[in-house]
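Overview (structure and organization)
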Amino acid sequence: MPKKLVLHFPPHLIDQPITYRLIKDFGLVVNILRARITPREWGRMVVELTEDGGRWQDAMDFLAEAGVGVEPLAREVLRHEERCIHCTACVAPCPTKALDVPDRYLMEVAFDQDRCIACEICQKVCPYQAMEILFD
Amino acid sequence: MAHFQVNKTYQEINEKIKKGQAVVVTAEEIIGIVRKKGEVAAAREVDVVTTGTFSPMCSSGAFINFGHSQPPIKAARVWLNNVPAYAGLAAVDVYLGVTEPTTDDPLNKVYPGEFKYGGGHVIQDLVAGKAVHLVAEAYGTDCYPNKRLERQITLAETVNAILCNPRNAYQNYNCAVNLSNRTIYTYMGPLRPRGANANFCTSGQLSPLFNDPCYRTLGIGTRIFLGGGVGYAVFPGTQHHPGKPRGDNGVPLGPAGTLMVLGDLKQMSARYLIGASLLGYGCSLTVGLGVPIPLLNEEMAHFCAVSDEEIFAPVVDYGYDYPAGTGRVLGQVSYAQLKAGTIMLDGKEIPAVPLSSFVRAREIADLLKGWITAGRFLLGEPVELLPLAEPRPPVDDPHRDS
Ligand code: SF4
Ligand code: SF4
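Rules and cut-offs
- Residues numbered from 1 in each chain as written.
- Chains lettered and ligands numbered in written order.
- Predicted model: local features only at pLDDT ≥ 70, side-chain atom pairs only at ≥ 80, totals over all residues.
- Near = placed C-beta within 6 Å.
- Nonpolar A, V, L, I, M, F, W, Y, C, P; charged D, E, K, R; others polar.
- Pairing = 2+ DSSP bridges.
- Helix = DSSP H or I, 4+ residues; strand = E, 2+ residues; numbered from the N terminus.
- Axes fitted to C-alpha atoms, helices over the stretch in contact; angles between N-to-C directions.
- Contact = placed C-beta atoms within 7 Å.
- Domains from an automatic or database assignment.
- Core = buried A, V, L, I, M, F, W, Y, C linked by C-beta atoms within 7 Å.
- Buried ≥ 20, exposed ≤ 12 C-beta atoms within 10 Å, placed from the backbone.

Moving on, we get to the site of ligand 2. By nearness alone, 14 residues border ligand 2, and Cys84(A), Cys87(A), Cys90(A), Val109(A) and Cys126(A) come closest of all. In the shell around ligand 2, the residues fall into 11 nonpolar, two polar and one charged.

As a structural note, the neighbourhood of ligand 1 is formed by 14 residues, with Cys94(A), Ala98(A), Cys116(A), Cys119(A) and Cys122(A) the closest of them. Of the residues contributing to the shell around ligand 1, the split by class is 12 nonpolar, one polar and one charged.

It is worth spelling out the sheet that holds strand S6 (residues 83-85) of chain B at this point. Residues and elements named next belong to chain B. Read across the open sheet, the four strands follow the order S6-S5-S8-S9; overall the sheet is antiparallel. In the strand order of this sheet, the two ends are held by S6 and strand S9 (148-153), each with one partner. Across the sheet, the axes of successive neighbouring strands diverge by a mean angle of 20°, strand direction being ignored. Direction of pairing for strand S5 (residues 77-80) relative to S6: antiparallel, over a ladder of three bridges. When the bridges of S6 are listed, Val78 appears paired with Ala85. Along the sheet, helix H4 (residues 119-127) contacts S5, S6 and strand S8 (132-137); its crossing angle with S8, the most-contacted strand, is approximately 120°.

Moving on, we come to the domain arrangement of chain A. Residue and element names in this part refer to chain A. In terms of domain boundaries, chain A breaks down into domain 1 (3-75) and domain 2 (78-136). Inter-centroid distance (C-alpha atoms) of domain 1 to domain 2 is 26 Å. Taken together, the contact pairs seven residues of domain 1 with seven residues of domain 2. Tallied by class, residues from the side of domain 1 that touches domain 2 come to five nonpolar, no polar and two charged.

Each partner contributes residues to the interface: chain B has 24 residues there, and chain A has 17 residues. Taken together, the elements giving at least two residues each to the side of chain B that touches chain A come down to strand S3 (53-56), strand S13 (189-191), strand S19 (273-278), helix H8 (335-340), strand S25 (348-354) and helix H9 (358-373) of chain B. Broken down by element, the side of chain B that touches chain A gets its largest block of residues, four residues, from S19(B). Residues belonging to the side of chain B that touches chain A are distributed by class as follows: 14 nonpolar, six polar and four charged.

In this section: the nonpolar core. Judged by nonpolar contacts, the single largest core of 153 residues is most densely connected at Cys90(A), Ile30(B), Val48(B), Val49(B), Ile123(B), Leu295(B) and Cys304(B). The element contributing the most residues to this core is H9(B), with seven residues. If we skip the residues at most four places from it in the chain, Val48(B) touches Ile13(B), Ala22(B), Val24(B), Pro292(B), Ile293(B), Pro294(B), Leu295(B), Ile372(B) and Leu379(B).

This next bit is on unusual backbone geometry. Cis geometry marks the peptide bond from Gln70(B) to Pro71(B); its omega dihedral reads -5°. On the secondary structure map, Pro71(B) appears in the loop between strand S4 (61-65) and S5. A cis amide bond links Tyr111(B) to the next residue, Pro112(B), at an omega of -10°. With a phi close to 60°, His86(A) is a non-glycine residue in the positive phi region. Locating His86(A) in the fold gives a position in the loop between strand S5 (77-79) and strand S6 (99-100). In the Ramachandran plot, Asn81(B) falls in the positive-phi region, its phi being about 45° despite a non-glycine side chain. Tracing the sequence through the fold places Asn81(B) in the loop between S5 and S6. Under the C-beta neighbour-count criterion, Asn81(B) is labelled partly exposed, with 18 such atoms within 10 Å.

Pasting the structure below:
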């Protein structure tokens, strides 16, 4: 099962080939969904990792040792349910259908965290500030 | 005078409401009842049909009298949480409009602007019981010597707070698409280029003015659900254009009638008055509004039985046509189609979503139904109905509706 994770890179690691080593040394399948990397600052990368015969635990230990923070993506994208009025404004702009209307009679907007790639579009589009992406 | 088989008066229905005997259903429930039993039987059985809508309504605001200071002030410029309110009224009266942003909002300078806080948000905060920061400035007079006032104020501390919205509950509205080749940010939400998505914004068969399309019961004095409290339709709204083309069922094929509404803000709720930030467009207030429609006769049962298949919205291009004011309509599409999720545009299937909340619209129709059934809400008989004829030919600008 692929897992969506956010990797936080401290400034001194920005020029290190960390993803390369996840693939080469630990045999993981890495799909980069988003990356924000600025010299001398913390970098952030949203990745989808699949074990696929590779060595998952060793890879995680390697990241921890290198000082790369690992967070599940789900913890970083929040919908404040009490603020969402199901206006559907976020549905067309969401690129992955993580926000969608499964039942057209009820017309409720469902949020499927597994599909979310933390692109931040919904955060800008939502008129009621119901979507929050917790970036440093 | 038309002759009907069923003839009920407002008084008779109100007597039944007081006794807890009125039969009330929502505008969705009446459809099936009329289909099954016919209009005459439905009109006999059902007394009131409730409607609901929950959408950004930009032409909204509140009159606030914030109370006299010691020494008194004749406020000339007033801000609430840094949002300017219009103070060209008597001493401590102001009008706070919902589209007014804070004075330091970057607007669209960083495009698309986010418009995080404005008059609508102040109203929401007040209704939620939060204190807001009031600043008033004056030039000082012999009778009102005070030149500056600054204090925190809550809704309970105001002398009066009256929600007064000059144009709400539009009877039909455009379905917006964007045929240009860049994403645009409109009051109809973000529209992707080359007609990639469509946004519409009324609650269709649940919407108040679709259920009384020819204003047989709606007029000055109609008591309504407004922002979670009780309000009134007080006048035809601004840009009320009843003369727009209509289908055989009387339902307008584009934006037509509107309502001016009013109610005591102090008894409203922040669940049904929510500040909105429309990306690249501005601030607004999302207003919950519901109108009860008395089934005085079988004709009203006929009107209230209107369903999404029989209501059509004009598809309008907001990329070129709307800003240029060409008035071009790309086609008509039914609300049934819109709600099903896709419409055809130039031989291409594109997704459609409502910007109005059906979840809350239904909630409002249900809530109002509950109030009437419980005898807590009586019908207001209008002293005058909304005009069905144009007072003068519509101005030569039929497609600019916001
Ligand atoms: S951040 Fe929002 S718009 Fe982007 S994928 Fe996640 S839910 Fe969709
Ligand atoms: S835009 Fe915001 S309020 Fe509207 S459905 Fe999406 S999350 Fe909910």
